[in-house]
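Chain and residue survey
Residue-level listing of the chains:
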Amino acid sequence: AMSYGHMYVARVAFGARDQQTVRAFLEANAYPGPSLIIAYSHCIAHGYDMRYGAAQQKLAVESGVWPLYRFDPRRIDNGEPPLQLDMSPPKIPVEQYMRNETRFRIVEKLDPKRFKRLQDLAQREASERLAVYQQLAQLRLPQPRQNQSDPVNEET
């Protein structure tokens, strides 16, 4: 959705950073176009007590599995990158996040070698995804020109 360039997009996890979640909802509501908020939603199928959902969301963010960001095209008008990362670099390994959920631990019990391979892959993918977002968060786009005529509606 961010690649379209005219949508507000945010990724949130209220259990990790509630202020970021509130800010994203306020910005999305104020945005004069389509908005999309992708929210981490814990589920009983993840295999842990739901009263720990907010804590597990925090682990997902701290491991880099669930990066937090806001993409606001209005920032381009100020010469700022439209993508803003709202998280610190990962503080914990992905394994620490995964160990809390039965859906992951069951794989380890059934096939420890496969679990290790998948765990390593998840760590690499989380690191790569964050690296891409960090690069995109530095990207400055050309500002639209003021009083530019609209060639689509211009009469010939």
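Everything below is about the structure shown above.
Treat the numbers as computed from the prediction; the structure is a model and nothing was measured.

Criteria and thresholds
Residues numbered from 1 in each chain as written. Predicted model: local features only at pLDDT ≥ 70, side-chain atom pairs only at ≥ 80, totals over all residues. Heavy atoms only, no water. Helix = DSSP H or I, 4+ residues; strand = E, 2+ residues; numbered from the N terminus. Rg over C-alpha atoms; globule rule 2.2 N^0.38 Å. Buried < 20%, exposed > 50% of the residue type's maximum accessible area, 1.4 Å probe, protein only. Contact = heavy atoms within 4.5 Å. Areas by Shrake-Rupley, 256 points an atom, 1.4 Å probe, with all protein chains shown as cover. Salt bridge = Lys/Arg side-chain N within 4 Å of Asp/Glu carboxyl O. Core = buried A, V, L, I, M, F, W, Y, C linked by side-chain atoms within 4.5 Å. Axes fitted to C-alpha atoms, helices over the stretch in contact; angles between N-to-C directions. Parallel < 35°, antiparallel > 145°, perpendicular 65-115°, else oblique. Nonpolar A, V, L, I, M, F, W, Y, C, P; charged D, E, K, R; others polar. Pairing = 2+ DSSP bridges.

Digging into the overall build of the protein chain
- Broken down by element type, the protein chain carries five helices and four strands.
- Along the protein chain, helices and strands appear, N-terminal first, in the series β-α-β-α-β-β-α-α-α.
- Its C-alpha radius of gyration of 19 Å places the protein chain more than 25% over the 15 Å reference for a compact globule of 156 residues.
- For the protein chain, buried positions account for 35% of its 156 residues.
- Within the protein chain, residue pairs in contact and separated by at least 24 positions form 68% of the contacts whose partners lie at least 6 positions apart.
- Carbon and sulfur atoms provide 52% of the accessible area of the protein chain, an area that totals close to 10000 Å².

Regarding the side chain of Gln-119
- Take Gln-119: it is sitting in helix α5 (residues 112–136).
- If sequence neighbours within four positions are ignored, Gln-119 has contacts with Glu-95, Met-98 and Arg-99.

Overview of the pattern of salt bridges
- Throughout the structure, instances matching the rule amount to nine salt bridges.
- In this structure, Arg-75 and Glu-80 form a salt bridge, with 3.7 Å as the shortest nitrogen-oxygen distance.
- Owing to a relative accessible area of 30%, Glu-80 belongs among the partly exposed residues under this scheme.
- Salt bridges linked by common partners bring Glu-27, Arg-70 and Asp-86 together as one network.

A closer look at the nonpolar core
- Ala-13, Tyr-40, Val-61, Trp-66, Leu-68 and Tyr-97 are the most contacted members of the largest nonpolar core, which totals 18 residues.
- Within the residue set of this core, elements represented by two or more residues are α2 (53–63), α3 (94–98) and α5.
- Not counting residues within four places of it along the chain, the set of residues in contact with Tyr-97 comprises Tyr-40, Gln-56, Leu-59, Ala-60, Ser-63, Val-65, Ile-92, Arg-103 and Phe-104.
- The next biggest cluster of nonpolar side chains, apart from the first, holds eight residues, and it includes Met-7, Tyr-69, Phe-71 and Leu-83.

Some thoughts on the packing of helix α4 (residues 102–110) against α5
- Their axes nearest at 5 Å, the elements α4 and α5 cross at an angle of 135°. Viewed along their axes, α4 and α5 adopt a mutual orientation that is oblique. Residues Phe-104, Val-107, Glu-108, Lys-109 and Leu-110 of α4 touch α5, and the partners they reach there are Pro-112, Phe-115 and Leu-118.
- Considering only residue class, the contact of α4 with α5 consists of six nonpolar, no polar and two charged.

Some points on the sheet that holds strand β3 (residues 69–71)
- With mixed pairing, the four strands of this open sheet are ordered in space as β2-β1-β3-β4. If you trace the sheet from one side to the other, it starts and ends with β2 (35–39) and β4 (83–85), each paired once. Strand-to-strand twist across the sheet, computed as the mean angle between neighbouring axes with direction ignored, equals 10°.
- Where strand β1 (residues 8–12) and β3 come together, three bridges link them in antiparallel fashion. Its bridge partner lying in β3, Val-9 is registered against Phe-71.
- The strands touched by helix α1 (residues 18–30) within the sheet are β1, β2 and β3, with β1 carrying the most contacts at an inclination of about 160°.
- This element, α5, spans β1, β3 and β4 of the sheet and lies at about 130° to β4.

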